[in-house]
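# What the coordinates show
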Amino acid sequence: MNLKDLEVFNDSYERCSASPEFVARFYELFVASSPEVAEKFRHTDFRRQKRALRASLYLMMVAVQGYPEGVAHLERMADLHGAGAGKLDIGPHLYALWLDCLLRAVRESDPFFDDNVERAWKAVLTPGIEFMKARYEGREVELRGPE
Ligand code: HEM
């Protein structure tokens, strides 16, 4: 990921956020993508969840730049989604589906969506995703920042 990716991601994130359908569409696609995902969200209050995800996507971008508030958020998300008593127990195999559904929602919500926009979303979110997967498996990882 480089600084251009951050700019392209941020502009696309803002266009998506202007669409009231964006996060709702993501959860519609994600919940329909696998029975395992649907099961995880069966008690979810989606009004609250949609707000939380919008903020979280922004904080993922802040985290990848190394800012403490973003890194603290990512640490909290990795812990919450982890294995063990009282946690969400989100296995690493579910993250590819998560990203795929998110990118489909971005494609539908961002009028300027193209290959470059898609690449920027992947570049910005992959370090956070890899961090969460590694934490689940009990591996210590460093968050990779901008090149
Ligand atoms: C990098 C990827 C992800 C991000 C940024 C993310 C973000 C979030 C956020 C912000 C919350 C709300 C936390 C809170 O209540 O304070 C949440 C909850 C949750 N996430 Fe994720 N998530 C990710 C991946 C996944 C994946 C792959 C799954 C697989 C099913 C998943 C399932 C859940 C569930 C079940 C909840 C709890 C919903 C509830 O409260 O009922 N997440 N996530």
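Residues numbered from 1 in each chain as written. Predicted model: local features only at pLDDT ≥ 70, side-chain atom pairs only at ≥ 80, totals over all residues. Heavy atoms only, no water.

Counting its regular elements, the chain contains 7 helices and 0 strands. Ordered by position from N to C terminus, the α and β elements of the chain give α-α-α-α-α-α-α. The dimensions of the chain, computed from C-alpha atoms along their principal axes, are 40 × 35 × 25 Å. Taking contacts inside the chain between residues at least 6 apart in sequence as the whole, the part at least 24 apart equals 71%. (Helix = DSSP H or I, 4+ residues; strand = E, 2+ residues; numbered from the N terminus. Contact = heavy atoms within 4.5 Å.)

Turning next to the packing of helix H5 (residues 68–80) against helix H7 (residues 115–136). As a packed pair, H5 and H7 sit with axes 9 Å apart at the nearest point and diverge in direction by 40°. Viewed along their axes, H5 and H7 adopt a mutual orientation that is oblique. As for the relative orientation of H5 and H7, their crossing is right-handed in sense. Side by side, H5 and H7 meet where Leu74, Glu75, Met77 and Ala78 of the first sit next to Gly128, Phe131, Met132 and Arg135 of the second. (Axes fitted to C-alpha atoms, helices over the stretch in contact; angles between N-to-C directions. Parallel < 35°, antiparallel > 145°, perpendicular 65-115°, else oblique. Left-handed = near helix turned anticlockwise from the far one by under 90°.)

Let us now look at the packing of aromatic side chains. Using the criterion set out here, one finds 11 aromatic pairs in the structure. Ring centres of Phe9 and Tyr13 lie 6.1 Å apart, and the angle between their planes is 15°; this geometry places the pair in the stacked category. Pair noted here: Phe9 and Tyr13 are both in helix H1 (residues 3–17), with a separation of 4 residues, about one helical turn. Taking relative accessible area as the criterion, Phe9 reaches 0% and is therefore assigned buried. With a relative accessible area of 10%, Tyr13 lands in the buried category. (Phe/Tyr/Trp six-rings, centres within 6.5 Å; stacked < 30°, edge-to-face > 60°. Buried < 20%, exposed > 50% of the residue type's maximum accessible area, 1.4 Å probe, protein only.)

What follows deals with the site of the ligand. In the vicinity of the ligand there are 19 residues, among which Phe41, Thr44, Arg48, Gln49 and His81 approach most closely. At a separation of 3.1 Å, an oxygen atom of the ligand approaches a polar side-chain atom of Arg48. Between the ligand and His81, the relevant distance is 2.9 Å, taken from a nitrogen atom to a side-chain nitrogen or oxygen of the residue. Sorting the residues of the shell around the ligand by element identifies helix H4 (46–64), H5, helix H6 (94–109) and H7 as the ones contributing at least two each. The element that contributes the greatest number of residues to the shell around the ligand is H4, accounting for 5 residues. Taken together, the residues of the shell around the ligand sort by class into 13 nonpolar, 4 polar and 2 charged. (Near = heavy atom within 4 Å. Polar contact = N/O pair within 3.5 Å; in protein donor to acceptor, adjacent residues only side chain to side chain. Nonpolar A, V, L, I, M, F, W, Y, C, P; charged D, E, K, R; others polar.)

One non-glycine residue with positive phi stands out, namely Asp89, at about 55°. With a relative accessible area of 34%, Asp89 lands in the partly exposed category.

A few words on H4. For an α-helix, the turn length of 3.6 residues means that residues three or four places apart are oriented alike. Counted at 1.5 Å a residue, the expected span for H4 with its 19 residues is 27 Å, and the 26 Å between its end C-alpha atoms agrees. When H4 is considered as a whole, its buried residues turn out to be Leu53, Ser56, Leu57, Met60, Met61, Val62, Ala63 and Val64. Here the buried face of H4 lies against H1, helix H2 (22–33), H5, H6 and H7. The N-terminus of H4 is capped by Asp45, whose side-chain oxygen sits 3.1 Å from the backbone nitrogen of Arg47. Backbone geometry just after H4 places Gly66 at a positive phi near 90°. (Expected span 1.5 Å × (residues − 1).)

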